[in-house]
Amino acid sequence: KTENNKFGKSLSEYARKEEKLSHEVEEKEESIAKLTNERDANAKHVEVLKLEVQVLESKLKDVQNAGLSNIKLLEEMQAENSFIKKEKSSLEDLLKKREGKVASLQQD
């Protein structure tokens, strides 16, 4: 009987240990699944952030290009303005010469 009792006791202890270990394994598997889900969510969040950075970089490039375009337009306008001033001055000189010729012809 004592051997049966010892065997029964050992078997009972083994069953408790097995149940405890099985429970620990389940908890660890749940933790792994939770961490895996968190990792996947974080990876998706990183991808979203990368896309947002790309969009912002593209917008920045557009703004920089627009700034360069504005600078070029301003330079062109300044060149046109300078050309117009020179033309105006030339035409004013020509007009003065013609007025001088007309005045001299009228005196003759």
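What counts, and at which threshold
- Residues numbered from 1 in each chain as written.
- Predicted model: local features only at pLDDT ≥ 70, side-chain atom pairs only at ≥ 80, totals over all residues.
- Heavy atoms only, no water.
- Helix = DSSP H or I, 4+ residues; strand = E, 2+ residues; numbered from the N terminus.
- Rg over C-alpha atoms; globule rule 2.2 N^0.38 Å.
- Buried < 20%, exposed > 50% of the residue type's maximum accessible area, 1.4 Å probe, protein only.
- Patch = residues over 30% accessible without salt bridge, like charges linked within 9 Å, V, L, I, M, F, W, Y side chains within 5 Å.
- Areas by Shrake-Rupley, 256 points an atom, 1.4 Å probe, with all protein chains shown as cover.
- Salt bridge = Lys/Arg side-chain N within 4 Å of Asp/Glu carboxyl O.

S.K.: Even after reading the chapter, I still don't get the overall build of the chain, so can you show me in this structure?
M.R.: Within the chain one finds 1 helix and 0 strands. A compact globule built from 108 residues would reach a C-alpha radius of gyration of about 13 Å, whereas the chain, at 46 Å, exceeds it by more than 25%. Taken along its principal axes, the extent of the C-alpha atoms in the chain is 160 × 10 × 5 Å. In the chain, which comprises 108 residues, the share counted as buried stands at 0%.

S.K.: Can you walk me through a nonpolar patch on the surface in this structure?
M.R.: On the surface, a nonpolar cluster with roughly 370 Å² of combined accessible area is contributed by F7, L11 and Y14. Looking at where Y14 falls in the secondary structure, it is placed in helix α1 (residues 2-107).

S.K.: What is the right way to look at the pattern of salt bridges in this model?
M.R.: Pairs may arise between side chains of opposite charge once their charged atoms sit close together. The final tally for this structure, using the stated rule, is 2 salt bridges. The residue R39 makes a salt bridge to D40 at a minimum N-O spacing of 3.2 Å. Accessibility expressed as a relative area gives 53% for R39, which makes it exposed. Overall, the relative accessible area of 32% leaves D40 in the partly exposed class. Here E47 ties to K50 by a salt bridge, and the two come within 3.7 Å at their closest N and O atoms. You can see E47 and its partner K50 sitting in helix α1, 3 residues apart, about one turn around the helix. Accessibility expressed as a relative area gives 44% for E47, which makes it partly exposed.

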